[in-house]
Amino acid sequence: MADLPPLDTLALNRALLARQWLLAPRRASALEAVEHLVGLQAQDARAPYLQLLPRLQGFDPLELSALLESHAAVRIVLMRGTIHLVSARDAYRLRPLVQPMIARATDNNHGVAAAAGAVARAGRALVEDRPRTFAQLAEQLGPRFPGDDATRLAQQVRAHVPLVQVPPRGLWLQGGAAAHTSLEAWCPDVSEHDHQLDMEDLILRYLNAFGPATVQDAQKWSGLTRLAPHFRALAEQGRAVTATDAQTGRRTLYDLPDAPRPDPGDSGRVAPILTGPFDNLILSHADGTRVLPAEHRPKVMTQNGLFAGLVLIDGFAAGNWRIEATNKQRATLTVARFTTKAYTKPDERAITRAAERLLQLAHPDARQHVVELTPPG
């Protein structure tokens, strides 16, 4: 028997927005936000900054950038085998839990004949001598393991050594090649006591930021499998509660007992929101319809495989945005609608204000910031 009443799509939407700090921006530090959200997907170096903009009051991108410079946060491969920006503490906590998944995927796609341990030891020594790009790592590893493709060898190091991308990569409004060293070399002072996290702790943190959710949702977010026994154990221990997904009447949703689940009737209409590119808001559920209606899912990915920022109207994806070619004179943000339905005038004004704020953040030196809303049609 479920502990909570059935939850429909609107209830899941409002709960997720509340957990994601999108119903109302929080007054919190960038580090607090990064840890609450269990990291920010970050293969686009600028994306984490744009992801935090709608979530934090008075967000200063230099605060997040400073975390990378001070080694308090790092860019590292974690959930789903993708680059995430996380706190150094969470890098130590999370990497052991997802390590088998990363290694397995790499062996499937970049297998080598050499022993993984030998490649990892050689690679670790190289990146701890000085940070190296994958091309530089491959150049050094190739002669040592002549029977294997050098590019694959570098990928094996990525899989078996927790590599962090060192600045200037990832710093705000700066660029740089993705050069790597080991987490242990870059962040040696993280307390051992900060490393303790088991699979059930991981699930609880996921639910705190993304719940209510099914087992399949958590597996989609993490890239892990066989999580069902851990969910059941949490429910049996009273550390998680359950509800039925009203949309299907079959799927079991899990949640934290005291997590926010706003009543949609009380929360009212949600103001328009512009989320950042690659936002985990839409990448962390097997069923993403709580934010992204199924008919719009094919529209969120660009032709070159990138996830553009979304425009949420009353909490649901109704369009996306892109910053077009810019120069010192002009930076233009274009909003594309997903449907022929026109935005209301108040929504258009709110979208324009949010877009202007985003442009001011992303291109502070441009003399003119232009927001273009494509006409319905």
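Bear in mind the structure is a predicted one, so any value in this text is a computation, not a measurement. (Residues numbered from 1 in each chain as written. Predicted model: local features only at pLDDT ≥ 70, side-chain atom pairs only at ≥ 80, totals over all residues. Heavy atoms only, no water.)

Strand order in the open sheet formed by 5 strands is β8-β9-β10-β11-β12, with mixed pairing between adjacent strands. Looking along the sheet, the strands with just one partner apiece sit at the ends: β8 (273–274) and β12 (368–373). As defined by bridge partners, β8 adjoins strand β9 (residues 309–313) across 2 bridges and the pair is classed as antiparallel. Across the sheet, L274 pairs through a bridge with V311, a residue of β9. Of the strands in this sheet, β8, β9, β10 (316–323), β11 (330–337) and β12 are in contact with helix α14 (residues 345–362), which crosses β12 at around 140 degrees. (Pairing = 2+ DSSP bridges. Helix = DSSP H or I, 4+ residues; strand = E, 2+ residues; numbered from the N terminus. Contact = heavy atoms within 4.5 Å. Axes fitted to C-alpha atoms, helices over the stretch in contact; angles between N-to-C directions.)

Here we come to the nonpolar core. In terms of nonpolar packing, the biggest core is built from 99 residues, with L52, L64, V74 and W321 touching the most fellow members. A114, A138, L141 and V161 belong to the second-largest nonpolar core, a separate cluster that totals 15 residues. (Core = buried A, V, L, I, M, F, W, Y, C linked by side-chain atoms within 4.5 Å. Buried < 20%, exposed > 50% of the residue type's maximum accessible area, 1.4 Å probe, protein only.)

Of all 5 residues in β9, 5 are buried, a share of seventy percent or more. Neither face of β9 is left uncovered, since the one carrying G309, V311 and I313 and the one carrying L310 and L312 both have all their residues buried. Taken together, the 5 bridges between β9 and β10 define a ladder with antiparallel strand orientation. For G309, the partnering residue across the bridge sits in β10 and is W321. Counting the residues between successive antiparallel strands, the hairpin from β9 to β10 contains 2 residues, one of them, D314, with a positive phi of roughly 50 degrees.

Put simply, helix α7 (residues 134–141) and helix α8 (residues 150–160) touch, their axes get as near as 8 Å, and they point 115 degrees apart. As the angle between them shows, α7 and α8 are arranged roughly perpendicular. Viewed along their axes, α7 and α8 form a crossing whose handedness is right-handed. Contact with α7, carried on its side by F134, L137, A138 and L141, involves A150, T151, L153, A154, Q155, V157 and R158 of α8 and no other residues of that element. Of the residues that constitute the contact of α7 with α8, the class distribution is 8 nonpolar, 2 polar and 1 charged. (Parallel < 35°, antiparallel > 145°, perpendicular 65-115°, else oblique. Left-handed = near helix turned anticlockwise from the far one by under 90°. Nonpolar A, V, L, I, M, F, W, Y, C, P; charged D, E, K, R; others polar.)

So, on to the sheet that holds strand β2 (residues 73–77). The strand order β1-β3-β2-β4-β5 describes an open sheet built from 5 strands, whose pairing is antiparallel. The open sheet has two free edges, formed respectively by β1 (40–41) and β5 (180–182), since each of these has just one partner strand. When β2 meets strand β3 (residues 83–87), the two strands line up antiparallel, connected through 5 bridges. Residue pairing across strands places V74 opposite V86, the latter belonging to β3. Most of the contacts of helix α6 (residues 116–129) go to β5, to which it runs at about 110 degrees, and overall it touches β4 (163–165) and β5.

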